[in-house]
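# Descriptive structure summary
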Protein chains: 2
Amino acid sequence: MVPFVGVADLAGIVEAVGLEAFLRGLAERIEADFERWEEFDKSPRYASHVPDGVIELMPAADREYFAFKQVNGHPGNTAAGLQTVAALGVLTRVDTGYPVLVSEMTLLTALRTAAMSALAARYLARPASRVLAMIGQGAQSEFQAIAFKALLGITRVQAWDIDPAASRKFARNLAESGIEVVIAPSADEAVIGADIVTTVTADRVNARILSANMTGAGLHINAVGGDCPGKTELAPEILQRGRVFVEYTPQTRIEGEIQQMPDDFEVTELWSVFSGKTSGRTSDEEITIFDSVGFGIEDFSALRYLYDLLPEHAPHTELDLIAQPQDPRDLFGLLSPRLHATA
Amino acid sequence: MVPFVGVADLAGIVEAVGLEAFLRGLAERIEADFERWEEFDKSPRYASHVPDGVIELMPAADREYFAFKQVNGHPGNTAAGLQTVAALGVLTRVDTGYPVLVSEMTLLTALRTAAMSALAARYLARPASRVLAMIGQGAQSEFQAIAFKALLGITRVQAWDIDPAASRKFARNLAESGIEVVIAPSADEAVIGADIVTTVTADRVNARILSANMTGAGLHINAVGGDCPGKTELAPEILQRGRVFVEYTPQTRIEGEIQQMPDDFEVTELWSVFSGKTSGRTSDEEITIFDSVGFGIEDFSALRYLYDLLPEHAPHTELDLIAQPQDPRDLFGLLSPRLHATA
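The shown structure was predicted, so the numbers you read here are calculated from the model rather than taken from an experiment. (Residues numbered from 1 in each chain as written. Chains lettered and ligands numbered in written order. Predicted model: local features only at pLDDT ≥ 70, side-chain atom pairs only at ≥ 80, totals over all residues. Heavy atoms only, no water.)

### Quick look at the overall build of chain A
Heads up, the condition is: Runs of H or I in DSSP of at least four residues are treated as helices and runs of E of at least two as strands, each being numbered from the N terminus. Relative accessibility decides the category of a residue: with a 1.4 Å probe and only protein chains considered, values under 20% of the type maximum give buried, values over 50% give exposed, and everything between is partly exposed. Every residue pair with non-hydrogen atoms within 4.5 Å of one another is taken to be in contact. Here the Shrake-Rupley method, with its probe set to 1.4 Å, supplies the accessible areas, and only the displayed protein chains count as covering residues.
The secondary structure content of chain A amounts to 11 helices and 17 strands. Based on the C-alpha atoms only, the size of chain A along its principal axes is roughly 75 × 45 × 40 Å. Counting every position in chain A, which comprises 343 residues, the buried fraction comes to 64%. Considering only residue pairs separated by 6 or more positions, chain A has 72% of its internal contacts joining residues 24 or more positions apart. Split by element, the accessible area of chain A, about 11300 Å² in all, is 50% carbon and sulfur.

Below, the structure is given as structure tokens:
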């Protein structure tokens, strides 16, 4: 039998661990996995582009476990009252090829994306950063805000969304989080005085959410929303003015903000920063940009982290997923006793 | 909620439908899907080669559904009392990106592989074929035999395995199937008088299970076991003497028997035969070879077939896989009420 962690199960586990503690623990796991980057079997995700969105398979493996996530991106879903993202993941032992965990990954992806954003910002934002501008108050926004509070000590979020109702939802959800939330009248005004800007919009277009004149010295930009071909959030000039950090270059050149730039545009992979091979931010004046698209190793880390939590926090279903006849060559034996009548 | 079909669930559905009827229905579905080949989003499977085997992701999609299977191949598992293959699959709606079915696919893969083998043989074997030689009596062997009975009217199977216990298991399982099973003392003797030879061995080596002098005029060879780099079953001379049919050329050149041949070695894709664009067998003397490796569309067909059976035969678990807040942008709302205490 294989444990299954559903949405309510995961919510219960996060509640038991504590959201900030969960995000810190997940960030530590991602950081440790990125530090042993060379040990992973990596590849760009497999993307099936469909009329209304994209469906992707994201694999990653080390010597012990193979993990993958299926995740879609359907911006039109929101209008239909559905999630733009509905993901599931599987963790499998490499030595036997047997799955050991099946999990929902819609919530888990929001958590790992927020943990990754805050982790990157710990290396790329100014240490004194306290004010976060958040452009876009969709499904991921609160997770991002809490992660920046938990990992960086962000105390104030200046929020703007094209839909004021989304911003109000955001403010309502964070009312008791200890974060001061201010709803700004425009994206430009949200960015004024911000140490960090997170762009996390869902529109599948090449938008210009952040313009160059909004980008002051010392700013760290956490660009989360631009994550597939034809979907970007930043003006190219911003990418030229700052240092751009990525997860996995071959994938980000296809899916990230840098899809707007030439193929030889210089980027730095975060694993080399986390492992001390390369510097992160080098001065208080530098503009840093995390061109976040999400990478399989982050899902690997999230599934491994969740798997390690199960013995202590285990509200889950067991799935009859593994055919296990007494004689492994006798798969048919699972059927035949019943089938003598019908074969 | 998303339906989950486990091993016992699937065994129950096959029992209710009848094994031969299930295999015929599945073969019809595969045939119909191959006939609309151009409508599918196709790609070679993603393979992660690990020390003890391989873990693969096999996607395929049409305009309505995206299907994928995770499947491993660990030949050493048998010695440890485990299945060499432990697979799971997910069927997802293309318009929303939401999964609609999660299923075990160890049993289902054995069923679809057998259905595909028999379907191909209906186009490639001599119509009067009644005797099947089966080299290898592992987990897939009985499914293959029943499929050839159900779709071609095979009445006799001449079985050989390097391990006589496997052959006895095979004969025992088929004792009431209506198939005459004869255990041969050698591979060569198993092939004598056979109309069709199925090779379905598990050893991950370049074996020579079938030699050229065992391959008489008019024979159809169903080569199932050679399905990954470094794993073949046929002598290259056999491939030169017969016409070779494949599922999806780019994948088969990597994984199939033809990995032994030059990249321009001529093959025929079965979809073109099923759809009447190309001829299958053209004479009683021709040697035909199905270089079977398994392709994502077969898994797509199997999951769609199973999905359509659920309303009538639905012993399954419902999975809490889809996060569904009232406001789709309020994913955090699934957590926050409980987290005010802990955030």
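### Overview of the relation of the copies chain B and chain A
Our working definition: Residues reaching a pLDDT of at least 70 in both copies supply the C-alpha atoms on which the copies are superposed by least squares.
Note on the copies: chain B fits chain A at an RMSD of 0.0 Å, the axial shift is 0.0 Å, and the rotation between them is 180°. Viewed as a symmetry operation, the transformation between the two copies matches a two-fold axis. Most of the interface of chain B is mirrored in chain A, where 100% of its interface residues again form contacts.

### Brief notes about the sheet that holds strand β4 (residues 65–73) of chain B
For sheets, the rule is that strands pair by backbone hydrogen bonds, running either parallel or antiparallel. Residues and elements named next belong to chain B. The criterion, for reference: Strands were regarded as paired on the criterion that DSSP finds at least two bridges between them. Axes here mean lines fitted to C-alpha atoms, for a helix over just the part in contact, with angles spanning 0 to 180 degrees between N-to-C directions.
Here 7 strands make up an open sheet; going across it, the order is β2-β3-β4-β5-β6-β1-β17 and the pairing mixed. Each edge of the open sheet carries a strand with a single partner, namely β2 (46–50) and β17 (317–319). Across the sheet, the mean angle from the axis of one strand to that of its neighbour is 15°, orientation sign disregarded. Each of β3 (53–61), β4 and β6 (99–104) touches helix α3 (residues 106–124); the most contacted strand, β6, lies at about 85° to it.

### Notes on the domain arrangement of chain A
Residue and element names in this part refer to chain A. Where we set the bar: An automatic or database domain assignment supplies the start and end points of every domain. Buried surface area refers to the total accessible area, computed with a probe of radius 1.4 Å, that the two partners give up upon joining, counted for both partners together. When a carboxyl oxygen of Asp or Glu is within 4 Å of a side-chain nitrogen of Lys or Arg, the pair counts as a salt bridge. Pairs of N or O atoms within 3.5 Å make up the polar contacts considered here, provided that, within protein, one atom can donate a hydrogen while the other can accept it, and that residues adjacent in sequence are counted only when both atoms are side-chain atoms.
Its domain assignment divides chain A into domain 1 (2–107 + 297–325 + 334–338) and domain 2 (125–294). Spacing between the C-alpha centres of domain 1 and domain 2 amounts to 25 Å. Roughly 2100 Å² is buried in total at the junction of domain 1 and domain 2, and carbon and sulfur atoms are behind 65% of that figure. When residues of domain 1 are sorted by the area they lose upon contact with domain 2, E20, W37 and R45 head the list and together hold 25% of the total. Along the contact surface separating domain 1 from domain 2 lie 1 salt bridge. Across the contact surface, domain 1 and domain 2 share 1 residue pair in polar contact (both at pLDDT 80 or more).

### Here we look at the pattern of salt bridges
All names here are of chain B. Throughout the structure, instances matching the rule amount to 38 salt bridges over all chains. Across the pair K69 and D299 runs a salt bridge, and its minimum N-O distance is 2.9 Å. With K69 in strand β4 and D299 in helix α10 (residues 296–309), this pair connects stretches of sequence that are 230 residues apart. Classification of K69 by relative accessible area gives buried; the value is 1%. Two residues, R243 and E286, come together in a salt bridge whose shortest N-O distance is 3.5 Å. Of this pair, R243 sits in strand β14 (residues 243–246) while E286 sits in the loop between α9 (270–274) and β16 (288–291), and the two are 43 residues apart along the sequence. The class for E286 is buried, based on a relative accessible area of 15%.

### Regarding the interface of chain B and chain A
Counting residues at the interface gives 85 residues for chain B and 86 residues for chain A. Taking both partners together, chain B and chain A bury about 7500 Å²; carbon and sulfur atoms supply 65% of that area. Among the ionic pairs, D163 of chain A bridges to R329 of chain B, the shortest N-O distance being 2.5 Å. Applying the counting criterion to the chain B and chain A interface returns 25 residue pairs in polar contact (both at pLDDT 80 or more). With 7 residues, helix α1 (residues 7–17) of chain B is the largest single contributor of residues to the side of chain B that touches chain A.

### Some words on the packing of aromatic side chains
Operational definition: The criterion for an aromatic pair is that two Phe, Tyr or Trp rings (for Trp, the six-membered ring) have centres within 6.5 Å, with stacked assigned to planes under 30 degrees apart, edge-to-face to planes over 60 apart and tilted to the rest.
Summed over all chains, the structure comprises 23 aromatic pairs over all chains. Judged by centre distance (5.3 Å) and plane angle (80°), the ring pair of F332 of chain A and F143 of chain B falls under edge-to-face. Linking F332 of chain A in the loop between β17 (317–319) and α11 (336–339) with F143 of chain B in helix α4 (residues 141–152), this pair reaches from one chain into another. Across the pair, exposure class does not vary: F332 of chain A and F143 of chain B are buried alike. Their ring planes at 70° and their centres at 5.0 Å tell us that F22 of chain B and Y305 of chain B sit as a pair that is edge-to-face. Of this pair, F22 of chain B sits in helix α2 (residues 19–35) while Y305 of chain B sits in helix α10, placing them 283 residues apart in sequence. Pair check on accessibility: F22 of chain B and Y305 of chain B agree, each one buried. Counting every residue linked through ring pairs, the aromatic cluster contains F34, W37, Y123, Y248, W271, F274 and F295 of chain A.

### Overview of the pairing of strand β8 (residues 156–160) of chain B
Residue and element names in this part refer to chain B. Just so we agree on the cut-off: The path from the first strand over the helix to the second decides the hand: if it runs clockwise while the strands point away from the viewer, the crossover is right-handed.
Pairing of strand β7 (residues 131–135) with β8, which is carried by 5 bridges, proceeds in the parallel orientation. Paired with A133 across the two strands is Q158, which belongs to β8. A crossover links β7 with its parallel partner β8, the connecting element being α4, and its sense is right-handed. Across 4 bridges, the pairing between β8 and strand β9 (residues 180–183) is parallel. Note on β9: the bridge partner recorded for V157 is V181. What joins β8 to β9 is helix α5 (residues 164–173), and the crossover it makes is right-handed.

### Considering helix α4 (residues 141–152) of chain A
Residues and elements named next belong to chain A. The line we're drawing: Helix span is expected to be 1.5 Å times the residue number reduced by one.
Its 12 residues give α4 an end-to-end C-alpha distance of 16 Å, which sits within 8% of 16 Å, the value for a rise of 1.5 Å per residue. Counted residue by residue, α4 has 11 buried out of 12 residues, so it is predominantly covered. Within the sequence span of α4, burial applies to S141, E142, F143, Q144, A145, I146, A147, F148, A150, L151 and L152.

### A look at the sheet that holds strand β6 (residues 99–104) of chain A
Residue and element names in this part refer to chain A. If you walk across this open sheet you meet the 7 strands as β2-β3-β4-β5-β6-β1-β17, and the pairing is mixed. Among the strands making up the open sheet, the edge pair consists of β2 (46–50) and β17. The average angle at which neighbouring strand axes cross in this sheet is 15°, direction not considered. Relative to β17, strand β1 (residues 2–5) runs antiparallel, the two being bridged by 3 bridges. Residue pairing across strands places F4 opposite T317, the latter belonging to β17. Seen against the sheet, helix α3 (residues 106–124) touches β3 (53–61), β4 (65–73) and β6 and runs at an angle of roughly 90° to β6.

### Some thoughts on α5 of chain B
Residue and element names in this part refer to chain B. Test applied: Throughout, the arc means the angular range of directions from the helix axis out to the C-beta atoms.
Every buried residue of α5 is listed here: A166, S167, K169, F170 and N173. Down the axis of α5, the buried set is contained in an arc of 155°. They therefore lie on one face. Capping the start of α5, D163 holds a side-chain oxygen 2.8 Å from the backbone nitrogen of A165, two or three residues further along.

### Quick notes on the environment of I209 of chain A
All names here are of chain A. For I209, the location among the structural elements is in strand β11 (residues 206–210). Look at I209 and you get buried, because its relative accessible area is 14%. A sequence separation of 24 residues divides I209 from E233, and the C-alpha atoms of the two residues are 5.3 Å apart. Ignoring anything within four residues of it in the chain, the contact list for I209 reads I135, A187, T199, T201, M214 and E233.

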